[in-house]
Every structure is written in structure tokens, then in C-alpha cells.
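A closer look at the structure
Residue-level listing of the chains:
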Amino acid sequence: MTGKPEGEQRLGLLNGFAAYGMWGLVPLFWPLLKPSGAVEILAHRMVWSLLFVAAALLLIRRWAWLGELLRQPRRLALITVAAAVITVNWGVYIWAVNSGHVVEASLGYFINPLVTIAMGVLLLKERLRPVQWAAVGVGASAVLVLTIGYGRPPWISLCLAFSFATYGLVKKKVNLGGVESLAAESAIQFLPALGYLMWLSARGDATFGTEGTGHALLLAASGIVTALPLVCFGASAIRVPLSTLGLLQYMTPVFQFLLGILYFKEAMPPERWAGFALVWLALALLTWDALRTARRAARAVARGTAAPGRVPADSVSPAAEADPLRATR
């Protein structure tokens, strides 16, 4: 964090807490949109997100990236894949929260770093350090224990984790800023979402405008709920190091887990506690290994064995390389 004034560091931390705090508390918002179904809520989230982000970009006059993106078909294709994957992630998450599966949804974001690492090994042929292998093994054991506890595989958690990890990998390839990426993805989602809402309205099944002004305003606010945490995250990402963001990101599933148990009163029999305990052990191993590796890299730079501003290649974990910290929830 050297080179950053203390005020900048504090501002970055505050924005980080705000971003992950809002993402962690978002399960309180989706039930407010009932009687809208998950797909209708998802469609409104897509439509209003584009309008909100477009207004923000218009305000700050940041449009240069758009012309460049339109001239690169490969990046456009990747943005389309990212839009499709995050659509699945958003839809499953909204359905899970409004169907009483908040705890299982939080598990998806707990195991997401483990899935990201596994995908790095399988798809990118990355090499893991022994502690990372141990963490992946503990995580796999946790899924087995939870499968026994639920009487089925934790499909919601696995779907959220794999879709979010895939989203992170695609975003890494696109290499586009958070707000710009959300704008591009929302533009791709906009017409299908708007078409669905128009079809729903023609059938007489739409709730927008039929459940009162308050309900309509809440549906419109889904765009702000999507974009505002991302704006805060962007302000944090340029002011604090990745290691700090990596620790802050655990706020989100912790908040969701606590909400599921304390607010939504979801059941947690002993076998589920055992499964979650194994997941937390795996995350503790990953965090310890990442912090240890970062300290070694810092010492190497201080001794002059590595060029300043560079990190030895073997010190960069696959989780950091493909980490979906830039992604939205």
C-alpha cells in the first residue's frame, strides 16, 4: 500500500467495506420485490442496470472504450459469454433467496475461490502449491459432507460458484473496467430482458405497474442495487492492494450466511455445520498461504532479488489470477 496517502487508503477501505457490505446485505432486498417472480426480477435488474450505468457514464463522459470494443469481435464475444454466465448467476441467486435458500446461496460464494483454483488447474494448466492442493481437497470433502447433509448435492451453491468462477475467468480475458464491463454486459442483456417484460405485460402477468407505485419503484431500484456496489468496489480497487480486497470479499458470504440463520431462520443441522466448517478451513488455508506468499514477495523486492513492482511468477496464486473480485452479484 506504499505510495498511497493515508487518506486515499482510508477512502479505499471505506469503499471496500461499502461494496462488500451491500453485496452481503442484498438478500434483504429481493424478498421486497414479491410477488414478482425471479425471472421478472432478473429482467428488471438487467433493464434498469443499463439505464443507471448509462446515466453514470454520460455524467462522467467515459465513452472512449465503447468504440474500441466495437472494433474487437473477440472481446465482444467474450462480453456476450460473460453476460450469459452472469445472467445464470443472478437468476439462480434471486430464486434461491426468495425460495428460502439463503444459506446454501452463501455457500456458493464461500466455495467460489476453491472452484476458481480448480478451474485454473483444469483449464489454464496452472500449478498449485501444496497448501492450495490441501485447500482444494478439504473443499471437495466439504461438498461431500454437505451432499450427505442435504440429501442431494448442493446444486444451488455449485451453480453459483461455477458460474461466478467462469464469469471471473472471462472478465480476466476481456480486461475491461468494472463500470464499463457492466454497461457492455447490460447492453447485451437489455433487449432480451425488455422483450420478456413486454411479453409478460401482454399476457397480463407483469407486476410492474399493477402492484402499486412503491413496488414499481423497488423494481426500478434493482438497477441501483446492482451498480452502486460496483462503483464503490471500483473506487476501492484502485486504492488498496489485492490482498486486502481478497480478505474483504469474505464479508459478503459471511453476511449472507448470518442473515440466512439469524433473520430468515433457515435450518442448520449438525452435518451442515460440519460441511461449512470444512469450507472455512479450506478458506483459512488459502488465506494463510496467500498472505505468506505476499510477505515473501515483499521481502524479495526489499532485498533486491525481484524487480520493484514485480512479483515472482510462482507467488501469484491461481485464485488471485482468476479472482472474480471484479464481478458483480
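Residues numbered from 1 in each chain as written. Predicted model: local features only at pLDDT ≥ 70, side-chain atom pairs only at ≥ 80, totals over all residues. Heavy atoms only, no water.

**Quick notes on the environment of Gly195**
Structurally, Gly195 can be placed in helix α8 (residues 178-203). Among the residues examined, Gly195 registers a relative accessible area of 35% and is labelled partly exposed. Along the backbone, Gly195 and Ser163 are 32 residues apart, and their C-alpha atoms lie at a distance of 24 Å. (Helix = DSSP H or I, 4+ residues; strand = E, 2+ residues; numbered from the N terminus. Buried < 20%, exposed > 50% of the residue type's maximum accessible area, 1.4 Å probe, protein only.)

**Quick notes on the pattern of salt bridges**
Here the structure, examined in full by the defined rule, presents six salt bridges. A salt bridge links Lys171 to Glu185; the shortest N-O distance between them is 3.7 Å. With Lys171 in helix α7 (residues 155-174) and Glu185 in helix α8, the pair connects residues that are 14 residues apart, well separated along the chain. The two residues Lys171 and Glu185 agree in class, both being buried. We note a salt bridge from Arg203 to Asp205, for which the minimum N-O separation is 2.9 Å. Arg203 gets classed as exposed once you look at its relative accessible area, which sits at 51%. Of the residues examined, Asp205 reaches a relative accessible area of 39% and is grouped as partly exposed. Three or more residues joined by partner-sharing salt bridges are found here, namely Arg129, Asp289 and Arg292. (Salt bridge = Lys/Arg side-chain N within 4 Å of Asp/Glu carboxyl O.)

**So, the packing of aromatic side chains**
Under the defined criterion, the tally for this structure stands at 17 aromatic pairs. Between the aromatic rings of Trp23 and Phe233, the centroid separation amounts to 6.2 Å while the plane-to-plane angle is 45°, which identifies the pairing as tilted. With a gap of 210 residues between them, Trp23 in helix α1 (residues 6-25) and Phe233 in helix α9 (residues 213-237) connect regions that are remote in the sequence. Considered together, Trp23 and Phe233 belong to a single accessibility category, that of buried residues. Taking 6.5 Å as the distance between ring centres and 65° as the angle between the ring planes, the aromatic pair formed by Trp273 and Trp280 counts as edge-to-face. Connected via pairs of aromatic rings, a cluster forms that spans Phe110, Phe257, Trp273, Phe276 and Trp280. In this structure, Arg45 is placed above the aromatic ring of Trp90, and the distance from its NZ or CZ to the ring centre is 4.1 Å. (Phe/Tyr/Trp six-rings, centres within 6.5 Å; stacked < 30°, edge-to-face > 60°. Lys NZ or Arg CZ within 6 Å of the ring centre and 35° of its normal.)

**Notes on the side chain of Arg272**
Relative to the elements of secondary structure, Arg272 occurs in helix α12 (residues 270-303). There is no salt bridge for the buried Arg272, and the closest opposite charge comes from Glu271, which lies 5.8 Å off by N-O distance. Setting aside its immediate chain neighbours within four residues, Arg272 contacts Leu146, Gly149, Tyr150 and Ala267. (Lys, Arg positive; Asp, Glu negative; His and termini not counted. Contact = heavy atoms within 4.5 Å.)

**Considering α1**
With 20 residues, α1 extends 28 Å from end C-alpha to end C-alpha; this agrees with the ideal 28 Å at 1.5 Å per step. Buried within α1 are the following residues: Gly12, Asn15, Gly16, Ala19, Tyr20, Gly21, Trp23 and Gly24. (Expected span 1.5 Å × (residues − 1).)

**Points about the side chain of Gln256**
Within the secondary structure, Gln256 is located in helix α11 (residues 251-263). A distance of 3.0 Å separates the side chain of Gln256 from the side chain of Tyr93, its partner in a polar contact. Those residues in contact with Gln256, other than ones at most four positions away along the chain, are Trp23, Gly24, Pro27, Tyr93, Val102, Ala105, Ser106 and Tyr109. (Polar contact = N/O pair within 3.5 Å; in protein donor to acceptor, adjacent residues only side chain to side chain.)

**Structural notes on the nonpolar core**
Among the nonpolar cores identified, the biggest contains 46 residues, and Trp30, Val53, Trp65, Tyr93 and Leu160 are the most heavily contacted of them. Sorting elements by how many residues they give to this core places helix α4 (residues 73-98) first, with 11 residues. When neighbours within four sequence positions are excluded, Val53 is seen to be in contact with Val179, Leu182, Ala183 and Ala227. Of all hydrophobic cores here, the second largest spans 28 residues; its members include Ile111, Met119, Leu146 and Met268. (Core = buried A, V, L, I, M, F, W, Y, C linked by side-chain atoms within 4.5 Å.)

**Thoughts on a positive patch on the surface**
Taken together, the side chains of Arg295, Arg296, Arg299 and Arg303 define a basic patch exposed on the protein surface. You can see Arg295 is positioned in helix α12. (Patch = residues over 30% accessible without salt bridge, like charges linked within 9 Å, V, L, I, M, F, W, Y side chains within 5 Å. Areas by Shrake-Rupley, 256 points an atom, 1.4 Å probe, with all protein chains shown as cover. Charge placed at Lys NZ, Arg CZ, Asp CG, Glu CD.)

**What about a nonpolar patch on the surface?**
A cluster of nonpolar side chains, Met22, Ile224, Leu228 and Val231, forms an exposed patch at the surface whose accessible area comes to about 290 Å². Ranked by residues supplied to the nonpolar patch, first place goes to α9 with three residues. Following the sequence through the fold, Leu228 ends up in helix α9. Take Leu228: its relative accessible area is 36%, and that puts it in the partly exposed class.

**Some words on the confidence of the model for the chain**
Across the chain, the average pLDDT comes to 84, with 90% of residues at or above 70. α11 holds the highest mean pLDDT among the elements of the chain, 94, whereas helix α13 (residues 318-321) holds the lowest, 43. (pLDDT = per-residue confidence, 0-100.)

**What about the packing of helix α2 (residues 38-60) against α4?**
Following both chains from N to C, one finds α2 and α4 inclined at 135°, their axes separated by 9 Å at the closest point. One way to sum up the angle between α2 and α4 is to call them oblique. Like other packed secondary-structure pairs, α2 and α4 cross with a definite hand, here right-handed. When α2 is examined against α4, the residues Ala38, Ile41, Leu42, Arg45 and Met46 are found in contact with a partner set consisting of Thr87, Trp90, Gly91, Ile94, Trp95 and Asn98. Its residues assigned to classes, the contact of α2 with α4 comprises seven nonpolar, three polar and one charged. (Axes fitted to C-alpha atoms, helices over the stretch in contact; angles between N-to-C directions. Parallel < 35°, antiparallel > 145°, perpendicular 65-115°, else oblique. Left-handed = near helix turned anticlockwise from the far one by under 90°. Nonpolar A, V, L, I, M, F, W, Y, C, P; charged D, E, K, R; others polar.)

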